[in-house]
Amino acid sequence: MKAIIREVAPRDGLQNEEPIATAAKVELLDALSGTGVRRIEAVSFVSPRAIPQMADADEVWAKSWHNPDVRYSALIPNTRGAQRALAAGFREIEVVVSASDTHNRRNLNRSTEESLDDIALLIPLVHEAGATLEVIVATSFGCPFEGDVDPDRVAGIVARVRADGADRIAFGDTTGMATPRRVRDLLSVVRPDLLHFHNTRGTGLANILTALDLGVSEFDASAGGLGGCPYAPGASGNVATEEVVHMLHDMGIDTGIDLDRLIEAAALAERLIGRRLPSGVLRAGPRTRLA
């Protein structure tokens, strides 16, 4: 069995930290490109006023190593962001809409329905450039402002964007409200192509195991556990890539990733941001490391 991990530390991870130098971002992106990971969310093309951490996205991408064995993607909020991403050469584009209307207004200053209308206009623009669009449904498992999110609401959003021509669907556990029970509840109604879990409440790996049992084998993860959402309280704690890979390899599931190099990249991330990261595997090493 195989699983695909998309590394999101260069974008989702760094977006929730104090801004670091462009050269440091390039160093981290290049290190992750050499770990064997096959997908990386590299940057986001957003307003520097809204997300100053991503103000140098064009420069980071221009100066980084583009490993031909890696599929790189960029996150965009709107048509202007899509135009920038396409001009930079990206052919895998991501856009976010929240299942929770309140979170969508906090995150994007518009309703969920308004975002869906914008996405319907984005899809042909992206396709005409020969690129694909992935729609990430944030707060799929719960919202810190509204509480539980009805799986049927998520299913309705998925039906809408698929009808409009979206190429891929991802579900985001934006503030770590998912549990194995809620993963089963949602995936019994509608299936994504990829899942993005946080480990805010310690359920990240359990949620991944549950999703694997239900047939989903693509996951986002962030080196060291970097990341979160700047528009939602308590959103820290992306599941750590090295913890996911460590568990999957011990289960005999192939990821193609070199765990030792991945741990080195997570240690680099920790040094670059200057604070201790939450990953247990980064602290203790793999279970095969003997004293």
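Let us look at the structure shown here. (Residues numbered from 1 in each chain as written. Predicted model: local features only at pLDDT ≥ 70, side-chain atom pairs only at ≥ 80, totals over all residues. Heavy atoms only, no water.)

### Section: the packing of aromatic side chains
At step 1: Here the structure, examined in full by the defined rule, presents 4 aromatic pairs.
At step 2: Seen in terms of ring centroids, Phe-45 and Phe-90 are 5.8 Å apart; in terms of plane orientation they differ by 70°. Their pairing is edge-to-face. A residue pair is termed long-range when its members are at least 10 positions apart, and Phe-45 in the loop between β2 (39-44) and α3 (57-63) and Phe-90 in the loop between α4 (79-88) and β4 (92-98) qualify at 45 residues. Each member of the pair Phe-45 and Phe-90 is classed as buried.
At step 3: By the ring-pair criterion, three or more aromatic residues cluster together here, those being Phe-45, Trp-61, Tyr-72 and Phe-90.
At step 4: Taking NZ or CZ as reference, Arg-106 lies 4.3 Å from the ring centre of Phe-145, over its face. (Phe/Tyr/Trp six-rings, centres within 6.5 Å; stacked < 30°, edge-to-face > 60°. Helix = DSSP H or I, 4+ residues; strand = E, 2+ residues; numbered from the N terminus. Buried < 20%, exposed > 50% of the residue type's maximum accessible area, 1.4 Å probe, protein only. Lys NZ or Arg CZ within 6 Å of the ring centre and 35° of its normal.)

### Brief notes about the packing of helix α10 (residues 241-250) against helix α11 (residues 259-273)
At step 1: The interhelical angle for the contact between α10 and α11, taken along N-to-C directions, is 165°, at an axis separation of 9 Å. Between α10 and α11, the interaxial angle falls into the category roughly antiparallel. For α10 against α11, the interelement crossing comes out left-handed. Together, Thr-241, Glu-242, Val-245 and His-246 of α10 and Leu-259, Leu-262, Ile-263 and Ala-266 of α11 make up the contact between the two elements.
At step 2: The residue makeup of the contact of α10 with α11, split by class, is 5 nonpolar, 2 polar and 1 charged. (Axes fitted to C-alpha atoms, helices over the stretch in contact; angles between N-to-C directions. Parallel < 35°, antiparallel > 145°, perpendicular 65-115°, else oblique. Left-handed = near helix turned anticlockwise from the far one by under 90°. Contact = heavy atoms within 4.5 Å. Nonpolar A, V, L, I, M, F, W, Y, C, P; charged D, E, K, R; others polar.)

### Structural notes on unusual backbone geometry
At step 1: With phi around 60°, Asn-109 is a residue other than glycine that occupies positive phi space.
At step 2: Of note in the backbone geometry, Thr-139 takes a positive phi value of approximately 50° without being a glycine.
At step 3: Tracing the chain through its elements places Thr-139 in the loop between β5 (132-138) and α7 (151-164).
At step 4: Overall, the relative accessible area of 0% leaves Thr-139 in the buried class.

### Digging into the pattern of salt bridges
At step 1: In total, this model carries 25 salt bridges according to the counting rule given.
At step 2: Ionic pairing is found between Arg-39 and Glu-92, a salt bridge with its closest N-O pair at 3.2 Å. With a gap of 53 residues between them, Arg-39 in strand β2 and Glu-92 in strand β4 connect regions that are remote in the sequence.
At step 3: A cluster of three or more residues bridged by salt bridges with shared partners is formed by Arg-6, Arg-39, Arg-71, Glu-92, Glu-94, Glu-134, Arg-168, Glu-218 and Asp-220. (Salt bridge = Lys/Arg side-chain N within 4 Å of Asp/Glu carboxyl O.)

### Observations regarding the side chain of Arg-84
At step 1: Along the chain, Arg-84 falls in helix α4.
At step 2: At a separation of 3.5 Å, a polar atom in the side chain of Arg-84 contacts the main-chain carbonyl oxygen of Val-46.
At step 3: Beyond its immediate chain neighbours, meaning those up to four positions away, Arg-84 contacts Phe-45, Val-46 and Asp-58. (Polar contact = N/O pair within 3.5 Å; in protein donor to acceptor, adjacent residues only side chain to side chain.)

### Focus on the packing of helix α2 (residues 22-33) against α11
At step 1: Contact geometry of α2 with α11 gives a least axis separation of 9 Å together with a crossing angle of 170°. By the angle between their directions, the pair α2 and α11 is classed as roughly antiparallel. On α11, the residues that touch Ala-24, Glu-27, Leu-28, Ala-31 and Leu-32 of α2 are Leu-262, Ala-265, Leu-268, Ala-269 and Leu-272.
At step 2: Partitioning the contact of α2 with α11 into residue classes produces 9 nonpolar, no polar and 1 charged.

### Re the nonpolar core
At step 1: In this structure, Phe-90 and Phe-171 are the most contacted members of the largest nonpolar core, which totals 87 residues.
At step 2: By residue number, the principal contributor to this core is α11, which donates 8 residues.
At step 3: Among the nonpolar cores identified, the runner-up in size contains 6 residues, and Leu-75, Val-96, Ile-136 and Ala-170 belong to it. (Core = buried A, V, L, I, M, F, W, Y, C linked by side-chain atoms within 4.5 Å.)

### Quick word on α11
At step 1: With 15 residues, α11 should cover 21 Å at 1.5 Å per step; its first-to-last C-alpha distance of 21 Å lies within 8% of that length.
At step 2: Where α11 is concerned, the buried positions are Leu-259, Leu-262, Ile-263, Ala-265, Ala-266, Leu-268, Ala-269, Glu-270 and Ile-273.
At step 3: For α11, the elements touching its buried residues are β1 (4-7), α1 (9-15), α2, α10 and α12 (280-284).
At step 4: Residue Asp-258 occupies the N-cap position of α11, its side-chain oxygen lying 3.0 Å from the main-chain nitrogen of Asp-260. (Expected span 1.5 Å × (residues − 1).)

### Observations concerning the environment of Glu-218
At step 1: Checked against the element boundaries, Glu-218 lands in strand β8 (residues 218-221).
At step 2: Given the relative accessible area of 16%, Glu-218 is considered buried.
At step 3: Considering only alpha carbons, one finds Glu-218 and Pro-192, 26 residues apart in sequence, at a separation of 9.3 Å.
At step 4: Those residues within four positions of Glu-218 in sequence are excluded, and the remaining contacts are Ile-4, Arg-39, Arg-168, Asp-193, Leu-194 and Leu-195.

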